[in-house]
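One-letter residues, chain by chain:
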Amino acid sequence: MTAPTISTDIVTSSEDPFGPEVLHDPLPFQARLREAGPVVYLPTYNVYAMGRYSDVHAALTDWQTFECSAGVGLSNFRKEKPWRPPSLLLEADPPFHNAPRAVLSKILGARQLHTLQAQWATDADDVVDALVSSTLEFDAVPALAEAFPLRVFPDAVGIPHEGRERLLPYGDHLFNAFGPENALVQRGAGTIGEISGWVNDQCARNVLTPGGFGAEIWAAADRGDISHEQAPTIVRSLLSAGVDTTVHALAAVLYALASNSEQWVLLQSDPNLARRAFDEAIRLESPVQTFFRTTTRDIRVGGTLIPQGEKILMFLGSANRDERRWQNPDAFDLTRDPSGHVGFGMGIHQCVGQHVARLEAATVMAALLKRVKTIEVNGPVTRHLNNTLRAWESLPMRVTLK
Amino acid sequence: MQLIVRDKYYQTDDLVSVVLSRTDGGRLPDWTPGAHIDVFLPNGLARQYSLCGDPWNTDNYHIGVLGALESRGGSRFIHDELKIGSVVGLGGPRNNFALTPSKTLLFVAGGVGITPILPMINQAEQMGISWRLLYLGRNLASMAFRDRVERFSDRVTLHPGDELGRMAVSDWIGAPRDGTKIYVCGPERLLTTVTEHCADWQMGTVRAERFTARKFDAPLRSGSFEILMAGSGKVIRVLPTESMVAALRSAGVNTLTSCGMGICGTCEMSVLSGVPDHRDSILDEDERLAGNCMFPCVSRSLTDRLVLGL
Ligand SMILES: Cc1cc2nc3c(=O)[nH]c(=O)nc-3n(C[C@H](O)[C@H](O)[C@H](O)COP(=O)(O)OP(=O)(O)OC[C@H]3O[C@@H](n4cnc5c(N)ncnc54)[C@H](O)[C@@H]3O)c2cc1C
Ligand code: HEM
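Per chain, residue numbering runs from 1 following the sequence as it is written. Going through the entries in the order they are written, you letter the chains from A and number the ligands from 1. The predicted nature of this model means local features are confined to residues of pLDDT at least 70 and side-chain atom pairs, given and counted, to a pLDDT of 80 or more, with totals for whole chains, interfaces and linings taken over all residues. Only hydrogens and water are set aside when side-chain values are computed; all heavy atoms of the structure are taken into account.

**So, the coordination of the iron atom of ligand 2**
When only protein atoms are considered, the iron atom of ligand 2 has one donor, Cys351(A) (SG), at a distance of 2.3 Å. Secondary structure follows DSSP: runs of H or I at least 4 residues long count as helices, runs of E at least 2 residues long count as strands, and numbering of each begins at the N terminus. Checked against the element boundaries, Cys351(A) lands in the loop between helix 14 (316–319) and helix 15 (354–371). Coordinating N, O and S atoms are those within 2.8 Å of the metal (3.2 Å for Na, K and Ca), and as water is not part of the atoms, a site may appear to have fewer donors than expected.

As structure tokens, then:
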């Protein structure tokens, strides 16, 4: 790897943030990126990268200057055809973004989720009880991080049981496809046609069970708050953005608690810290590591002039560990206030599913706190490489019971 | 959030434009056409005003305030007392009148009801939606913001009542058509006419904004108040100059927030007793009146004490 070099007034780095080396362990690269300056040009992809908290936060918030409708991945939709019809949420700007966002914000609002709370608590108890009654040593990725969201989330959206195993590879490919067309994207390319077709089929009105998020999206179309043509694509957003993200976020908090026993003890002594624990894990691990924007005008960031129409790569994960913003940023610390992290983004595109994710995590943590006395990592953990997600393959854990 | 009056000028004899920005110069909370804000006036009143500027402008909110004939003190204060440099409090923005996807949009504005329609027209233009506007007023001189719609003269019908008499609003709207939505804002009588004319149209066709003042259960307060944490019995005082979140944090109470502007909903807390002074952009009217939850990053208290489920 080469150190960043200064050419005239623009800092350049020849590193590949989507190469296997950086994806395995993005932290050293991100530290160099933050050190190099507010904006670093990456000639490998002809993009401008931001890694410091204040710049990433500002770019996420300033939708007027940093637009989404040219795609939030490397591909520029003004020049290349998107691999699937663009999202009406994440790949849209105002005014087109307004109506779909208003509808989803309401459906996924914290108060709307109260009705799910009791059921999800029972589901979490069931999943944890069944697991620890059969074994005290397990791989937490399939056993908890995948098992729980796959049990509750597709039901909440209202899709049938048949075929749900496709949701994880769908999300995996989708999040890979925000990056360059590297081996990770090629790996998924063969099957994605069939999987996408299945996902699209699940968004149809007659497939979705009454009362679920999906049916509520269609009901909003009946009220005229969105159009009927938009409804299936908005349902698709939930199936795209709501599964893998939560899986890797749950794995992140489980790993953080299992590898910091004093924090687990602290959490046991004050279960009210569970919400903070989840957001602190999101800050630390940033399951969604990066997203792109495109400049709508020439803009000066720090000393660098970024021309209009350029792709900006924002490192949420790096911002969340920026020592300019966070004290001792690499520590998982439940006495820290993680408020203001950008792990869910910020501004008008900030994760509309964050209350869903937090409720899932809260119920899982509550179930664990009921049954489990100690929790530790029990063997080498393996990452799953993805161009956008900080993902997990395997997380061996051992627990003892109360 | 505190806003400062940056500019104030008369559009007509009785309608004044007020331009507001943040006292700290920061970016204002985002809004979408149709939205309004609560303005908390120094005389202790709160009133709602539609945003009539441009959502792309993050420095300024523009509102147009009609001097009400029998004012209990809101619009009168704004007209007579509020000056460039005065500071007011902000609630919202909130939007109960949002533009929704449509093939054709019909806007019907009566008098000051033009304010929320102005940014909607720009939005319709940006989205390539065909639209028409019927703008009714007492007389031409009283009809503010005509300059903002003049360039669309082929799509705008101005109807000054003194010259043209009663307008046959129903004729202007015409027969039901698929994919058409009607946005109406103005006096109650106008809203009734339009709603009744379209009673048989498809659900969600007519969207009306009423300028009837929001009810507060208790007088606004500008002094400090107390938070009682139901779980621990701890009492925390919130000073007029600090947010609830700031007070909770300095008392060592763990409060997760994210946007800090009453938009994302991360800091929601349950209210067991007391009446919150809601300043968020999240709760709708019913949820606010229910009063059982609040967002302490921006909201405050109308009562001496709030008991929170902490
Ligand atoms: C969503 C929304 C958006 C709005 N947008 C705008 C806007 O863009 N521009 C604008 O000028 N106004 C707007 N308004 C109205 C505004 O909030 C105020 O109501 C208005 O400025 C009058 O306030 P006031 O204190 O002067 O008058 P108020 O004293 O509140 O009186 C208002 C009217 O109510 C009548 N009234 C007086 N006393 C009573 C009483 N005891 N009970 C019932 N009625 C009484 C009066 O005759 C008067 O016509 C909006 C209101 C809402 C709810
Ligand atoms: C912990 C888990 C999650 C993480 C870390 C996460 C992360 C994010 C981030 C970073 C963004 C903003 C992207 C950007 O600004 O470019 C986002 C947006 C979004 N998320 Fe999540 N997400 C999670 C869970 C969910 C869930 C459960 C859902 C669905 C229920 C969901 C649905 C969405 C949608 C629809 C958007 C687009 C919103 C818009 O553009 O307005 N997410 N998410």
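**Considering the site of ligand 2**
Residue and element names in this part refer to chain A. Close to ligand 2 lie 27 residues; His 97, Arg 101, Arg 293, His 349 and Cys 351 are nearest. Polar contact criterion, stated in full: a pair of N or O atoms within 3.5 Å, where within protein one must be able to donate a hydrogen and the other to accept it, and residues adjacent in sequence count only if both atoms are side-chain atoms. The contact in question runs from an oxygen atom of ligand 2 to an N or O atom on the side chain of Arg 101, over 2.8 Å. Points on a 1 Å grid, built from protein atoms alone, make a cavity when a 1.4 Å probe fits but cannot get out and make a pocket when they are open with protein on both sides within 12 Å along at least 5 of 7 lines; residues with an atom within 4 Å of a point are the lining residues. Think of it this way: if more than half of a molecule's atoms are within 2 Å of a pocket's grid points, that molecule is in the pocket or cavity. The pocket occupied by ligand 2, as judged from atoms lying within 2 Å of grid points, is the largest cavity. If you list the elements that add at least two residues to the shell around ligand 2, you get helix 10 (231–241), helix 11 (244–258), helix 13 (274–285) and strand 7 (290–295). The rule for a residue being near a molecule or strand is that one of its heavy atoms must lie within 4 Å of it.

**Focus: the site of ligand 1**
All names here are of chain B. Surrounding ligand 1, one finds 21 residues, the nearest of these being Arg 47, Gln 48, Ser 71, Arg 72 and Ser 75. The separation between an oxygen atom of ligand 1 and a polar main-chain atom of Ser 50 is 3.1 Å. For ligand 1, an oxygen atom lies 2.8 Å from a polar atom in the backbone of Leu 66. Per-residue and other accessible areas follow the Shrake-Rupley method at a 1.4 Å probe size, with only the shown protein chains counted as cover for residues. When ligand 1 sits alone it has 950 Å² of accessible area, and the protein chains cover 73% of it. Breaking the shell around ligand 1 down by element, the ones donating at least two residues are strand 4 (46–50), strand 5 (61–66) and helix 1 (74–80). In the shell around ligand 1, the residues fall into 6 nonpolar, 10 polar and 5 charged. Where a domain begins and ends is set by an automatic assignment or by a domain database. For the shell around ligand 1, the domains that each give at least three residues are domain 1 (2–94) and domain 2 (104–209). Amino acids are sorted into nonpolar (Ala, Val, Leu, Ile, Met, Phe, Trp, Tyr, Cys and Pro), charged (Asp, Glu, Lys and Arg) and polar (every other residue, Gly among them).

**Overview of empty space enclosed by the protein**
Residues and elements named next belong to chain A. Grid points are joined across faces, edges and corners, and a volume is the space filled by probe spheres set on the points. Taken as a whole and assessed by the stated rule, the structure comprises 8 cavities of 30 Å³ or more. By volume, the largest cavity is sized at about 750 Å³. Along its surface, the largest cavity is lined by 41 residues, and Leu 90, Ala 241, Thr 245, Cys 351 and Val 352 are the ones closest to its centre. Contributing elements (two or more residues each) for the lining of the largest cavity: helix 4 (98–107), helix 7 (167–177), helix 10, helix 11, strand 7 and helix 15. In terms of residues, the lining of the largest cavity owes the most to one element, helix 10, which gives 4 residues. Partitioned by chemical class, the residues of the lining of the largest cavity number 24 nonpolar, 12 polar and 5 charged. Lining the second largest cavity are 19 residues, with Leu 23, Pro 26, Gln 289, Asn 386 and Leu 389 sitting closest to its centre. Looking at the lining of the second largest cavity, the elements that each hand over two or more residues are helix 1 (20–24), helix 2 (27–36), strand 12 (382–385) and strand 13 (390–394).

**Comments concerning the domain arrangement of chain B**
All names here are of chain B. With domains assigned, chain B is organised as domain 1 (2–94), domain 2 (104–209) and domain 3 (225–309). Computed from C-alpha atoms alone, the centre-to-centre distance between domain 1 and domain 2 is 23 Å. The interface is formed by 17 residues belonging to domain 1 together with 16 residues belonging to domain 2. Whenever Lys or Arg places a side-chain nitrogen within 4 Å of a carboxyl oxygen from Asp or Glu, that contact is recorded as a salt bridge. Remark: the boundary between domain 1 and domain 2 carries 1 salt bridge. Between Arg 138 and Asp 14 there is a salt bridge whose closest N-O contact spans 3.6 Å. At the junction of domain 1 with domain 2, the criterion picks out 1 residue pair in polar contact (both at pLDDT 80 or more). At the level of elements, strand 1 (2–12), strand 2 (15–22) and strand 5 are the ones that each hand at least two residues to the side of domain 1 that touches domain 2. When residues in the side of domain 1 that touches domain 2 are grouped by element, the largest group, 3 residues, is from strand 5. Grouping the constituent residues of the side of domain 1 that touches domain 2 by class yields 7 nonpolar, 9 polar and 1 charged. Contacts are residue-level and defined by heavy atoms, with any inter-residue pair within 4.5 Å sufficient.

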